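# Residue-level structural notes
Okay, here's what each chain looks like letter by letter:
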Amino acid sequence: MNFKFALPALALAAAAGFTAPASAAVPIYSPKGTENADSYIFSAKKSGEVGFYWLGGISVGYTAAFSYSVNSSAFTTVFASNFATPKGTYFDLGDFAAGDVFVFKLTLSKPFAVAGNTIYSDPALNDDNVQSIYVDSYGGGDFGVPLGSYTYIGFEDIMGFSDQLRSSDFDYNDDQFAFVNLSSGAVPEPATWALLISGFGMVGFALRRRKSLLSVVSA
């Protein structure tokens with residue numbers, strides 16, 4: 001795993017002799033204060049390098065280490081402290097096969113009252129099952145991040161409603177990342193699954209009924 005500092009995107013564009021596309025601002029979650037209802041499955045878009053640019057965050061002073069797991073493997077730590085990592089730093093996580101599945105984790109170390117708390121990108125792994133991330137598309141251009149197409153992940157570093165110091169404000173901007181070569185498939189909520197299954201059942205019933213009517217007519 002390697003890391004480097006991003007060079008200013010506009011300078012790179014000028015040196016290459018072409019006009020860069022318009023920049024997009026770092027995504028902002030809305031409605032702030034309400035838990036994100038979406039869940040996500042992260043995977044490599046294609047075989048090759050997966051990495052991210054660190055975008056910093058708006059934190060309440062919680063120090064956190066960031067790590068990842070691939071295909072249910074043990075977690076690998078990328079950096080030990082969000083506050084010690086300059087914004088715009090790029091981290092190369094390595095080469096992976098298309099479809100490899102990622103789970104991300106924050107491990108808090110300070111303040112003492114929350115030390116050891118773990119917050120995952122998969123809410124099912126969180127102690128309170130609260131969603132701790134927000135995902136969006138991002139075009140780069142901030143903190144020297146080159147313009148491009150990124151998967152933005154914003155973490156809430158307060159552990160839902162069970163944090164020892166405060167309840168989550170659900171703004172999802174405490175720790176922010178812009179991932180390269182990472183897809184995020186939204187997982188339907190249970191109610192959506194029920195609606196889909198019901199719909200499939202109705203379609204199946206209609207097809208069976210049509211088949212029965214055709215059999216009667218042909219007879």
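Residues numbered from 1 in each chain as written. Predicted model: local features only at pLDDT ≥ 70, side-chain atom pairs only at ≥ 80, totals over all residues. Heavy atoms only, no water.

## Considering the nonpolar core
General note: in soluble globular proteins, nonpolar side chains tend to be found buried as a group. We count it as follows: Side-chain atoms within 4.5 Å are what join buried Ala, Val, Leu, Ile, Met, Phe, Trp, Tyr and Cys residues into a set we call a nonpolar core. Think of it in three bands: residues with accessible area under 20% of the maximum for their type are buried, residues over 50% are exposed, and the middle band is partly exposed, with areas taken using a 1.4 Å probe on protein chains only. Only DSSP runs of H or I reaching four residues or more are called helices, and only runs of E reaching two or more are called strands; each is numbered from the N terminus. When checking whether two residues touch, look at their non-hydrogen atoms; a contact exists if any pair is within 4.5 Å.
Counting 45 residues, the largest nonpolar core has Phe52, Phe66, Phe102 and Phe104 as its most contacted members. Sorting elements by how many residues they give to this core places strand E3 (residues 48–56) first, with 5 residues. Beyond its immediate sequence surroundings of up to four residues, Phe104 is in contact with Phe42, Phe66, Ser67, Tyr68, Phe75, Ile119, Tyr120, Ser121, Ile153, Phe155, Phe179 and Leu182.

## Regarding unusual backbone geometry
Most peptide bonds take the trans form, and the phi angle of most residues other than glycine is negative. Between Ser30 and the following residue, Pro31, the backbone shows a cis peptide bond with an omega angle of 5°. Mapped onto the elements of the fold, Pro31 is located in the loop between helix H1 (9–16) and strand E2 (39–44). The omega angle of the peptide bond from Lys110 to Pro111 is -5°, so this bond is cis rather than trans. Here Pro111 shows up in the loop between strand E7 (101–110) and strand E8 (118–120). Unlike most non-glycine residues, Asn129 shows phi in positive territory, near 60°. Residue Asn129 is classed as partly exposed on the basis of its relative accessible area, which comes to 48%. Its identity is not glycine, yet Phe170 carries a phi of approximately 50°, on the positive side.

## Quick notes on the side chain of Asn181
Convention followed: Under this definition, polar contacts are N or O atom pairs within 3.5 Å; protein pairs additionally need one hydrogen-donor-capable and one acceptor-capable atom, and for neighbouring residues in sequence, both atoms have to be side-chain atoms.
By the secondary structure assignment, Asn181 is in the loop between strand E11 (175–180) and strand E12 (182–187). At 3.1 Å, the side chain of Asn181 and the backbone oxygen of Glu49 are in polar contact. With sequence-adjacent residues up to four places away left out, Asn181 is seen in contact with Ser43, Ala44, Lys45, Lys46, Gly48, Glu49 and Val50.

## Topic: the confidence of the model for the protein chain
In low-pLDDT segments, the atomic positions of the prediction should not be examined closely. Threshold: pLDDT: the predictor's confidence for each residue, scored from 0 to 100.
Scored by pLDDT, the protein chain has a mean of 81; 69% of the residues are at 70 or more. Within the model, the stretch residues 7–23 combines pLDDT values under 50 with 14 contacts to residues more than four positions away or in other chains.

## As for the environment of Asp95
Mapped onto the fold, Asp95 is located in strand E6 (residues 89–96). Apart from residues lying up to four places away in sequence, Asp95 is in contact with Gly48 and Glu49.

## Here we look at the packing of aromatic side chains
The cut-off we apply is this: We call Phe, Tyr and Trp rings a pair once their centres come within 6.5 Å, taking the six-membered ring for Trp, and we label the pair stacked below 30 degrees between planes, edge-to-face above 60, and tilted otherwise. Here, a charge over a ring means that NZ of Lys or CZ of Arg falls within 6 Å of the ring centre while also lying within 35 degrees of the ring normal.
All chains considered together, the criterion is met by 29 aromatic pairs. Across the ring face of Phe75, the terminal group of Lys105 is positioned such that the distance to the ring centre comes to 4.4 Å.

## Notes on the pairing of E3
Quick reminder of the rule: Following DSSP output, two strands are said to pair if at least two bridges run between them.
For E3, a buried count of 7 out of 9 residues is recorded, marking the element as mostly surrounded by other parts of the structure. Pairing of E3 with E6 involves 6 bridges; the strand directions are antiparallel. Residue Gly51 lies in a different strand from E6, and its bridge partner there is Asp92. Sheet topology note: the E3/E11 ladder contains 5 bridges and is antiparallel.

## Quick notes on the pairing of E7
Where E2 meets E7, 2 bridges bridge the pair, whose relative direction is antiparallel. Among the inter-strand pairings, Phe42 is bridged to a residue of E7, identified as Phe102. Pairing of strand E4 (residues 63–70) with E7 involves 8 bridges; the strand directions are antiparallel. Within the sheet, the bridge partner assigned to Val70 lies in E7 and is Phe102.

## Let's talk about the side chain of Asn126
Here Asn126 shows up in the loop between E8 and strand E9 (133–138). Accessibility expressed as a relative area gives 3% for Asn126, which makes it buried.

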